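Breakdown of the fold
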Amino acid sequence: VLLEVVSTDRYRNYRSQHYPFLKTLLEDRLGRARWLCLGVEAKEARAGENLYVHDLSAKDLELLVAALREARATHVVLNERLGATSWVLLRARLPEVAFRMVDSPDSSALAAALCRWLGVDPPRDRRGAPAALEDAVTPDHGREPLNDLASTIEPFVHLMVGPECVYNRPIASNRRFAGVDLTGCLRLRGCTFCLNPEPEGGAGLEGRSVDLAVEQILAAEATRVVASTRREYQVHGAALWLAVGELFGRLLAGEGEVSPSDFHFSSRVDELLAVADRLEAVLPRLAAAGHRICLYNIGLESFSPEENERFNKGLRPEQIEEGIALARDLEARFPEAFRFSDHGGFSIILFTPWTTLADLEQNAAAFRRHGIDVGGFVLDSALQLLPGLAVTRLAEADGLLTEAFEDHPYDSGCI
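Each residue is numbered by its place in its chain's sequence as written, counting from 1. Local features in this predicted model are restricted to residues of pLDDT 70 or higher, and side-chain atom pairs are both shown and tallied only at a pLDDT of 80 or more, whereas totals for entire chains, interfaces and linings draw on every residue. Hydrogens and water are ignored here; the side-chain numbers use all heavy atoms of the structure.

**Notes on the overall build of the protein chain**
Heads up, the condition is: Helix and strand definitions follow DSSP, with helices as H or I runs of at least four residues and strands as E runs of at least two, each counted in order from the N terminus. We compute the radius of gyration over the C-alpha atoms and compare it with the globule rule, which gives 2.2 Å times the number of residues raised to the power 0.38. Each residue's exposure class comes from its accessible area (1.4 Å probe, protein chains only) as a fraction of the maximum for that residue type: buried when under 20%, exposed when over 50%, partly exposed otherwise. We call two residues in contact whenever any of their non-hydrogen atoms come within 4.5 Å of each other. Computed with a 1.4 Å probe, the accessible areas rest on the Shrake-Rupley method; for each residue, only the protein chains presented here act as cover. When charges are counted, Lys and Arg contribute as positive and Asp and Glu as negative, whereas His and the chain ends are disregarded. Each charge is placed at NZ for Lys, CZ for Arg, CG for Asp and CD for Glu.
A count of helical and extended segments in the protein chain gives 15 helices and 13 strands. Over its C-alpha atoms the protein chain spans a radius of gyration of 22 Å, differing by no more than 12% from the 22 Å that the globule rule assigns to 415 residues. Once the C-alpha set of the protein chain is aligned to its principal axes, its extents read approximately 60 × 55 × 45 Å. With 415 residues in all, the protein chain has 49% of them scored as buried. When contacts within the protein chain are restricted to residue pairs at least 6 apart in sequence, those whose partners lie at least 24 apart make up 77%. Carbon and sulfur atoms provide 52% of the accessible area of the protein chain, an area that totals close to 19300 Å². One way to put it: in the protein chain the 44 positive side-chain charges average out to a point 3 Å from where the 61 negative ones average out.

**Things to note about the state of the cysteines**
Applicable threshold: When two cysteine sulfur atoms lie within 2.5 Å, the pair is treated as a disulfide.
Applying the stated criterion across every chain, the model contains zero disulfides. There is no disulfide at Cys165, and the cysteine sulfur nearest it, in Cys194, is 5.8 Å away. Free of any disulfide, Cys185 has its nearest cysteine sulfur in Cys194, 13 Å distant. Cys185 sits in the buried class, given a relative accessible area of 11%.

**Here's the deal with unusual backbone geometry**
With phi around 65°, Arg15 is a residue other than glycine that occupies positive phi space. Within the secondary structure, Arg15 is located in the loop between strand S1 (2–7) and helix H1 (19–30). Given a relative accessible area of 24%, Arg15 falls into the partly exposed group. One non-glycine residue, Asn312, lies in positive phi territory at about 60°. You can see Asn312 is positioned in the loop between helix H12 (305–311) and helix H13 (317–333).

**A look at the side chain of Thr192**
Summarising the element assignment, Thr192 is placed in the loop between strand S8 (157–160) and helix H7 (205–223). Excluding residues that lie within four positions of it along the chain, Thr192 makes contacts with Ile171, Phe177, Arg310, Phe311, Asn312, Leu389, Ala390 and Val391.

**Focus: the packing of aromatic side chains**
As a reminder of what qualifies: Between rings of Phe, Tyr and Trp, where Trp is taken as its six-membered ring, a pair exists when centres lie within 6.5 Å; planes separated by under 30 degrees are stacked, by over 60 edge-to-face, and by other angles tilted. The criterion for a charge sitting over a ring is simple: Lys NZ or Arg CZ within 6 Å of the ring centre, and within 35 degrees of the ring normal.
Inspection of every chain in the model, using the stated rule, returns nine aromatic pairs. Between Trp87 and Phe99, the aromatic rings sit 5.3 Å apart at their centres with planes inclined by 80°, giving edge-to-face as the arrangement. A residue pair is termed long-range when its members are at least 10 positions apart, and Trp87 in helix H3 (residues 84–93) and Phe99 in strand S6 (residues 98–101) qualify at twelve residues. The partly exposed category is assigned to Trp87, whose relative accessible area is 32%. Put simply, the rings of Tyr233, Phe248 and Phe263 touch in pairs and so form one group of aromatic residues. Over the aromatic face of Phe156 sits the side chain of Arg10, whose NZ or CZ is 4.2 Å from the ring centroid. Across from the ring centre of Tyr167, 3.7 Å away, lies the NZ or CZ of Arg268, which sits over that ring.

**Some words on the pattern of salt bridges**
Once the charged atoms of two side chains with opposite charge are near each other, the side chains can pair. Basically, it comes down to this: For salt bridges, the criterion is a side-chain nitrogen of Lys or Arg within 4 Å of an Asp or Glu carboxyl oxygen.
A complete count under the given rule lists 26 salt bridges for this structure. A salt bridge links Glu232 to Arg10; the shortest N-O distance between them is 3.3 Å. In this pair, Glu232 sits in strand S9 (residues 231–236) while Arg10 sits in the loop between S1 and H1, placing the two residues 222 residues apart along the sequence. The salt bridge involving Asp342 is made with Arg339; its shortest N-O contact spans 2.6 Å. Assessed through its relative accessible area of 22%, Arg339 is described here as partly exposed. Connected through salt bridges with shared partners, the residues Arg175, Arg176, Glu306 and Glu309 form a single ionic network.

**Concerning the packing of helix H2 (residues 58–70) against H3**
Each pair of packed helices can be described by the angle between their axes along with the distance between the axes. The following threshold applies: Comment: axis = line fitted to C-alpha atoms, over the contacting stretch for helices; angle = value between 0 and 180 degrees taken between N-to-C directions. Each crossing gets its hand from how the near helix is turned against the far one by less than a right angle, where anticlockwise is left-handed and clockwise is right-handed. Lys, Arg, Asp and Glu make up the charged group, whereas Ala, Val, Leu, Ile, Met, Phe, Trp, Tyr, Cys and Pro make up the nonpolar group; the residues left over, Gly among them, are polar.
Two elements in contact, H2 and H3, have axes separated by 11 Å at closest approach and are oriented at 30°. Crossing angle aside, the handedness with which H2 passes H3 is right-handed. Contact residues: H2 offers Leu61, Glu62, Leu64, Val65 and Arg69, while H3 offers Ser86, Leu89, Leu90 and Arg93. Its residues assigned to classes, the contact of H2 with H3 shows five nonpolar, one polar and three charged.

**Here's the deal with the sheet that holds strand S7 (residues 144–145)**
Short version of the rule: One requirement defines pairing of two strands: DSSP has to find at least two bridges between them.
Read across the open sheet, the five strands follow the order S6-S4-S1-S2-S7; overall the sheet is parallel. Only two strands of the sheet have a single partner each, and these edge strands are S6 and S7. In the sheet, S1 pairs with strand S4 (residues 75–78) via two bridges, with the strands oriented parallel. Considered in S4, the bridge of Leu3 is made with Leu78.

**A look at the nonpolar core**
In plain terms, the rule: Residue types Ala, Val, Leu, Ile, Met, Phe, Trp, Tyr and Cys, when buried and joined through side-chain atoms within 4.5 Å, form a set referred to as a nonpolar core.
Phe248, Phe265, Leu279 and Ile293 are the most contacted members of the largest nonpolar core, which totals 52 residues. In terms of residue count, H7 provides more of this core than any other element does, six residues in total. When neighbours within four sequence positions are excluded, Phe265 is seen to be in contact with Val235, Leu240, Trp241, Leu247, Phe248, Ile293, Cys294, Leu295, Tyr296 and Asn297. Among the nonpolar cores identified, the runner-up in size contains 23 residues, and Leu61, Leu82, Val97 and Phe99 belong to it.

So, in structure tokens, the structure goes:
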């Protein structure tokens, strides 16, 4: 059983993006697989409380136990962590069931680990190496809601189309890291705080992303039962944004029947500028077909050049200003086809071990200038210093690490 705990905050549902692929794979390997969905209310951010551990009500716990017994579950895959009380009760009620957390963003590693756990063969590529799920199987979006809340939540269809980031500026070339030992760091290119695997190299990444996206969109059209009149896709794979003209050119040319849909993208601000001409060309055609691009995040991190240099963002202040202006302009001219303000925001890391009052003044002025709401996430956004990251090594070299915090460790959502 693939058990999905799905939150009312649609952008805060994690680690189930591979479930449609796993459902096909496990049905093929085992002859039976169920995808059950349990809805939970999104937790509000409070100091010291972890947003990503979910406590189930007594009623929902009973529904879950009954459903797993009815399914004769032997193995259950979880996408979210349950609170201690819920977890102890679930294990006590179902002692014969083996549970495993989905714990890898890499679909080939995830498939290989789950197949070993289940004693079946993982998917392999032509060379015999573990294959990425999105390259090996066609997704099946048949999910079964367990409680009333799960029936009302309409999660995104996740398009798995390659690495989450393709920015690969070498960290060692950044003057801030001169003399900093980067041996054994998780990644040596891109942003210094990023936990995603290093981006792939080589040509053709955009074309591969388009092929995968079209295949997965048509599979969703074929297998997913939706209550709403629109489909909503969340894109995982930065290369598809850079190929946005080709993607929509193929869909609008009639490659399969595609219902009016929203496509939710995240983009670095320089990548937004890079596709400006392609957006200008395709947005009128999207409006006519009933499709929308929803830019839910623009990556810029800080309006302080000093802070962004430590992040290795590679962004100039004028790029940030031009990118924000472009997003505002496109949504003003193409309101039916390009949405940002009502869907989107900016990735902001306001506080770091190096933050000065000058940095805060630069950010505060930009927040006012651009009308950025600071009432929610922005004012308590802080850099997470995790082991194996280049920015952590820099903080260590500068003598800015502490042994412990006074308050409870809080997960900001970066992981």
